[in-house]
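Single-letter residue listing:
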Amino acid sequence: MAVRPIIEPFRIKSVEPIRETTRAQRQELIEKAGYNLFLVASEAILIDLLTDSGTSAMSTEQWAAMMRGDESYAGSPSFARFRDSVQAIMGFQHVIPTHQGRAAERILFNVMCKKGDIVPNNTHFDTTRANCEFVGAIALDLPIPEAKEPALLHPFKGNMDTAQLSALIEKEGAQRIPLVMLTVTNNSGGGQPVSMANIREVKGICHKHGIPLYIDACRFAENAYFIKLREAGYAEKTPREIAREIFSYADGCTMSAKKDGLANIGGFLCTNNDILAQQERDLLILTEGFPTYGGLAGRDLEAIAVGLNEALAEDYLHYRIASTAFLGNHIAKEGVPIVQPPGGHAIYIDARAFLPHVPVSQFPGVALAVELYLEGGIRSVEIGSLMFGDNARMDLVRLAIPRRVYTQSHVEYVVEIILDVWRRREKIHGYELVHQAPFLRHFTARLKPLAV
Ligand SMILES: Cc1ncc(COP(=O)(O)O)c(C=O)c1O
């Protein structure tokens with residue numbers, strides 16, 4: 001019997017046109033943008049895979065809930081619905097709304113860390129690292145060794161190296177480590193999941209030394225679904241039950257609702273510690289707003305309250321993970337080197353292996369990203385030498401999939417464009433920098449192609 005295609009578990013009620021451009025137009029646009037896709041207007045992009053953050057399509061239920069949004073400054077019922085929804089899934093005592101994930105991080109590190117402290121994480125996301133370092137603490141990544149091998153298959157490549165965590169605590173002492181974090185799924189490590197066994201083990205180590213464990217929960221639903229698919233003993237559990245278990249091991253979390261909150265803006269910070277919660281709310285008032293809105297409109301709180309539940313729906317997660325894997329597996333089958341196995345929210349192409357003739361100094365990730373745009377109007381993002389300078393361990397091109405936005409035919413189109421570029425890869429040349437800002441240069445850098 002033929003395998004039935006995976007279908008989107010929704011139908012489309014409102015459409016947003018996307019615009020085709022000609023290759024000549026794209027050539028002109030990218031040249032004007034200094035070969036930097038951040039500087040191309042989104043109207044000139046056909047399929048935008050720059051990020052999965054804040055780019056989700058909302059459901060009819062979310063739009064309906066937004067109409068219920070109560071914009072009272074204090075004590076809004078929208079906050080109560082938001083808090084109840086977070087608590088029903090995550091179980092934390094205190095829920096503090098913020099305008100997005102990084103605001104929750106800023107408050108958390110300000111309250112919990114001081115200069116010289118160490119915060120271990122499987123891999124800090126860049127805003128997490130920046131906020132941790134901003135208060136003078138050291139953001140330490142402790143991924144398992146397998147995470148450093150792009151082509152290696154491992155079901156839970158997002159796991160933390162627990163032997164290294166124990167050794168670190170023995171060496172530095174628990175008093176220097178105010179919290180341990182686990183990022184689920186591990187975005188910077190390729191959208192790879194963390195196993196329940198690993199979460200439990202990390203919790204055990206933290207508990208032994210009296211250190212709180214916090215979850216960076218941005219993609220908690222995708223992580224829960226990977227546990228269901230890949231970890232023994234979880235096949236019969238619902239993603240919601242699995243999520244509950246994940247959070248039961250934690251003392252708190254940070255969250256960007258722009259991912260698995262299926263909202264276009266928003267975030268929150270949770271804790272079970274009454275004293276910390278008070279300090280966090282005090283800081284919140286200073287920069288975000290009153291604790292019942294935290295920088296968000298009442299309608300945003302409503303959208304998140306509904307979105308968190310929709311992100312846990314099994315048919316949605318099945319389609320989401322299968323659709324990302326479809327993209328990764330189809331290009332990998334033809335030889336395109338990707339970070340294996342396909343992650344939850346994105347596919348990462350290994351640009352150094354894709355373009356071995358382009359030296360790292362000539363930005364192979366940029367070269368590939370520009371080519372995907374020229375060939376088919378696809379916007380991806382370089383995560384490599386342009387973004388991290390000499391600290392880049394790899395040159396990757398990330399294709400992040402917005403939630404519920406593109407259909408299977410869009411994904412098939414992306415596969416074909418990547419394969420067309422793959423077939424003529426020898427002809428692709430490198431780039432040189434002509435302008436860079438003193439920090440976060442990838443956003444505004446301008447480059448020019450090197451003559452072949
Ligand atoms: C793992 C992780 N943590 C934190 C953040 C920061 O969230 P926000 O962009 O809402 O500030 C992101 C955003 O991409 C992320 O992927």
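Scroll up to find the structure this text is about.
Residues numbered from 1 in each chain as written. Predicted model: local features only at pLDDT ≥ 70, side-chain atom pairs only at ≥ 80, totals over all residues. Heavy atoms only, no water.

Student: Is there a simple way to explain helix α8 (residues 220-230) in this structure?
Tutor: Since there are 3.6 residues in each turn of an α-helix, residues three or four apart along the chain are aligned in direction. Extensive coverage of α8 is indicated by the burial of nine of its eleven residues. Among all positions in α8, only Phe 220, Ala 221, Glu 222, Asn 223, Ala 224, Tyr 225, Phe 226, Ile 227 and Lys 228 are buried. Where α8 is buried, its residues meet α3 (77-90), α7 (196-209), α9 (239-248), β7 (252-256), α11 (298-310) and α12 (314-333). (Buried < 20%, exposed > 50% of the residue type's maximum accessible area, 1.4 Å probe, protein only. Helix = DSSP H or I, 4+ residues; strand = E, 2+ residues; numbered from the N terminus. Contact = heavy atoms within 4.5 Å.)

Student: Looking at this structure, I do not really get the nonpolar core. What am I missing?
Tutor: One recurring pattern in soluble globular proteins: nonpolar side chains tend to sit buried together. Formed by 58 residues in total, the largest nonpolar core has its most connected members in Met 90, Val 180, Ile 215, Phe 220, Phe 247, Cys 253 and Phe 268. It is α8 that provides the largest number of residues to this core, a total of six residues. Leaving out residues up to four positions away in the same chain, Phe 220 has contacts with Ile 89, Met 90, Val 184, Ala 243, Phe 247, Met 255, Asp 260, Leu 308 and Leu 312. With 48 residues, the next largest nonpolar core counts Ile 338, Ala 369, Tyr 373 and Ile 378 among its residues. (Core = buried A, V, L, I, M, F, W, Y, C linked by side-chain atoms within 4.5 Å.)

Student: Any chance you could explain the side chain of Arg 441 here in plain terms?
Tutor: As for its placement among the helices and strands, Arg 441 is situated in the loop between β13 (431-435) and β14 (446-449). Buried within the structure, Arg 441 lacks any salt-bridge partner; Asp 390 is the closest side chain of opposite charge, at an N-O distance of 6.3 Å. Arg 441 has contacts with Phe 363, Ser 385, Leu 386, Gly 389, Leu 433 and Gln 436, leaving out every residue within four places of it along the chain. (Lys, Arg positive; Asp, Glu negative; His and termini not counted. Salt bridge = Lys/Arg side-chain N within 4 Å of Asp/Glu carboxyl O.)

Student: What exactly am I supposed to notice about the layout of surface pockets here?
Tutor: Unfilled space is identified by rolling a water-sized probe across the atoms. Approximately 1300 Å³ is the volume found for the second largest pocket. Ser 14, Glu 16, Ala 57, Arg 404 and Val 405 are the residues nearest the centre of the second largest pocket, which is lined by 34 residues in total. Among the elements of the structure, α2 (60-67) and α12 are those that each provide at least two residues to the lining of the second largest pocket. For the lining of the second largest pocket, a count of residues per class yields 16 nonpolar, nine polar and nine charged. (1 Å grid on protein atoms, 1.4 Å probe; cavity = no way out; pocket = protein on both sides within 12 Å on 5 of 7 lines; lining within 4 Å. Points joined across faces, edges and corners; volume = space filled by probe spheres on them. Nonpolar A, V, L, I, M, F, W, Y, C, P; charged D, E, K, R; others polar.)

Student: Got a minute to help me understand the pairing of strand β3 (residues 118-121) in this structure?
Tutor: On any regular strand, side chains alternate: one points to one face of the sheet, the next to the other face. Going residue by residue along β3, you find Ile 118 and Pro 120 tucked away on one face and Val 119 and Asn 121 tucked away on the opposite face as well. By the bridge criterion, four bridges tie β3 to strand β4 (residues 138-141) in an arrangement that is parallel. Residue Ile 118 lies in a different strand from β4, and its bridge partner there is Ile 138. The handedness of the β3 to β4 crossover, carried by helix α5 (residues 126-134), is right-handed. (Pairing = 2+ DSSP bridges. Right-handed = clockwise from strand over helix to strand, strands pointing away.)

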